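Working through the structure, step by step
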Amino acid sequence: MASPDSAARTPSLPWTVRVQLTALGAAHRADGSVRRLLFSLGDLHAAARSRPDATGVRSADVTIDAARGLWARVYSPSSSSAADAAPLPVVVHFHGGGFVLFSAASRPYDALCRRLCSELGAVVVSVNYRLAPQHRFPAAYDDGVAALSYLDANADALPSDAFPAPVDLSSCFLAGDSAGGNIVHHVAQRWSAEAASMSSVRIAGAVLIQPFFGGEERTAAELALDKASPSLSMAVTDHYWREFLPEGATRNHAAARVCGEEVELPEAFPPAMVVVGGFDLLKDWQARYVETLREKGKPVQVVEYPDAIHGFHAFPELDDSGKLMEEMKQFVHKHRSKRAV
């Protein structure tokens, strides 16, 4: 996995990235809890845009379940809107934020999904799942499954304003960072166990970018990297787990501790790509997850960036962010349905 000597160094970051991370850090107290008002002032939102942007990407919001306030933002390459165009793969995306922060409309995630749409040549469905602590486990997972059910139920009648390009639901990929990566695992686990054989939605692959996993004991990386990067600390991760897990649950809850023999992986669990950063204090948990997938005979590709902090992908000015886009493009091309190529 990532270089063991990263703890002895500090990440080299452009000043623009450090300023943004400092602002995010200021929105957290010393115990990891969130200063909600301060965070809300900095969490600027972008509106959906029906007109193509400079890269040819357009976006629209769709309601998945009005009763629970569940919606998604859909990004589509406008150049593929012709009726005779080849169907595009679909990337169902879950944003990070410890199950507690951000939304599908948050500017960093709106920009990220536009990049994914443009560079992967895919329709991106960014799910605005419900947040903790108002909506604890398993709300985020339920919302992820509901988004796939929406795609399945509307396969022949997807709204043309949101889905101007034809889509191939047999080439559906799940992708997410941090808490979103955690959601990717659990949604893939549930869908492949409960709905894979009865649905037009086939999960062709799962991309987990620095997934948010954990447990009660402290790993070597958590102890060594707690203060090495400005993007994440143990106090913050502990707070997020307290907000998301059932009240009274420990970090050994199955939602957090996704490693070991007790993890159940259905036959149809998809090929996975796990992204690891050398300065991410979660990297040991990610290594255990990879080991679990391999022990259970599941195909997994590990992509390592030794100098990457947690959340690096959200900063296009970082070289590793661009490299990740290329890795994801290759992963989608490799695993998408052969009949759609």
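Residues numbered from 1 in each chain as written. Predicted model: local features only at pLDDT ≥ 70, side-chain atom pairs only at ≥ 80, totals over all residues. Heavy atoms only, no water.

The name given to the protein chain in an unreviewed UniProt entry is Alpha/beta hydrolase fold-3 domain-containing protein, with the source organism recorded as Eragrostis curvula.

1. A closer look at the packing of aromatic side chains
Under the counting rule described, the total for this entry stands at 14 aromatic pairs. Taken together, a centroid distance of 5.8 Å and an interplanar angle of 80° make the contact between phenylalanine 137 and tyrosine 141 edge-to-face. Here phenylalanine 137 falls in the partly exposed class, since its relative accessible area comes to 29%. Looking at tyrosine 141, the relative accessible area reads 2%, which means it is buried. Summarising the aromatic geometry, the rings of phenylalanine 213 and tyrosine 289 are spaced 4.8 Å apart at their centres and angled 45° between planes, so their arrangement reads as tilted. (Phe/Tyr/Trp six-rings, centres within 6.5 Å; stacked < 30°, edge-to-face > 60°. Buried < 20%, exposed > 50% of the residue type's maximum accessible area, 1.4 Å probe, protein only.)

2. Observations regarding the UniProt feature "domain: Alpha/beta hydrolase fold-3" (unreviewed entry) in the protein chain
In the numbering used here, UniProt assigns the "domain: Alpha/beta hydrolase fold-3" (unreviewed entry) feature to residues 91-313. End C-alpha to end C-alpha, residues 91-313 measures 16 Å, and it is 34% helix and 18% strand. (UniProt positions renumbered as here; feature names shortened; annotations may be inferred. Helix = DSSP H or I, 4+ residues; strand = E, 2+ residues; numbered from the N terminus.)

3. Points about empty space enclosed by the protein
Applying the stated criterion to the full structure yields one cavity of 30 Å³ or more. By volume, the largest cavity is sized at about 40 Å³. Together, Phe212, Phe213, Gly214, Gly215, Glu222, Thr237, Asp238, Trp241, Arg251 and Leu282 line the largest cavity. Per-element tally for the lining of the largest cavity: the top contributor is helix α7 (residues 234-244), with three residues. (1 Å grid on protein atoms, 1.4 Å probe; cavity = no way out; pocket = protein on both sides within 12 Å on 5 of 7 lines; lining within 4 Å. Points joined across faces, edges and corners; volume = space filled by probe spheres on them.)

4. Quick notes on the sheet that holds strand β3 (residues 88-94)
With mixed pairing, eight strands are arranged side by side in an open sheet as β1-β2-β4-β3-β5-β6-β7-β8. Unpaired on one side and paired on the other, β1 (57-65) and β8 (300-305) mark the two borders of the sheet. On average, each strand axis in the sheet is inclined to that of its neighbour by 20°, with strand direction left out of account. In the packing of helix α5 (residues 179-194) onto the sheet, contacts are made with β3, β5 (167-177) and β6 (203-209), and the angle to β5 comes to roughly 140°. Sitting on the sheet, helix α8 (residues 283-295) touches β6, β7 (272-277) and β8, and the angle it makes with β7 is about 155°. (Pairing = 2+ DSSP bridges. Axes fitted to C-alpha atoms, helices over the stretch in contact; angles between N-to-C directions. Contact = heavy atoms within 4.5 Å.)

5. Things to note about the pairing of β1
Moving residue by residue along a regular strand, the side chains alternate between the two faces of the sheet. Strand direction decides the pairing type here: β1 and strand β2 (residues 70-77), joined by eight bridges, are antiparallel. Counterpart to aspartate 61 in the pairing with β2 is arginine 73.

6. Describing the pattern of salt bridges
Counted according to the given criterion, the structure contains 16 salt bridges. A salt bridge links arginine 114 to aspartate 53, with the nearest nitrogen and oxygen atoms 2.9 Å apart. Pair noted here: arginine 114 is in helix α3 (residues 107-120) and aspartate 53 is in the loop between α2 (36-42) and β1, with a separation of 61 residues, a long-range link. Grouping residues by exposure puts arginine 114 and aspartate 53 together as buried. Of the charged contacts in the structure, one is a salt bridge between aspartate 142 and arginine 190, with a shortest N-O distance of 2.8 Å. Remark: arginine 190 occurs in helix α5 and aspartate 142 occurs in helix α4 (residues 139-153); sequence separation between them is 48 residues. The exposure class of arginine 190 is partly exposed, given its relative accessible area of 24%. Here the salt bridges share partners, and the residues they tie into one network are Asp53, Asp61, Arg73, Asp110 and Arg114. (Salt bridge = Lys/Arg side-chain N within 4 Å of Asp/Glu carboxyl O.)

7. Side note on the pairing of strand β4 (residues 123-128)
The buried fraction of β4 amounts to six of the six residues, a majority that puts the element mostly inside the structure. As paired strands, β3 and β4 are joined by five bridges and run parallel to one another. Residue histidine 93 lies in a different strand from β4, and its bridge partner there is serine 126. What joins β3 to β4 is α3, and the crossover it makes is right-handed. (Right-handed = clockwise from strand over helix to strand, strands pointing away.)

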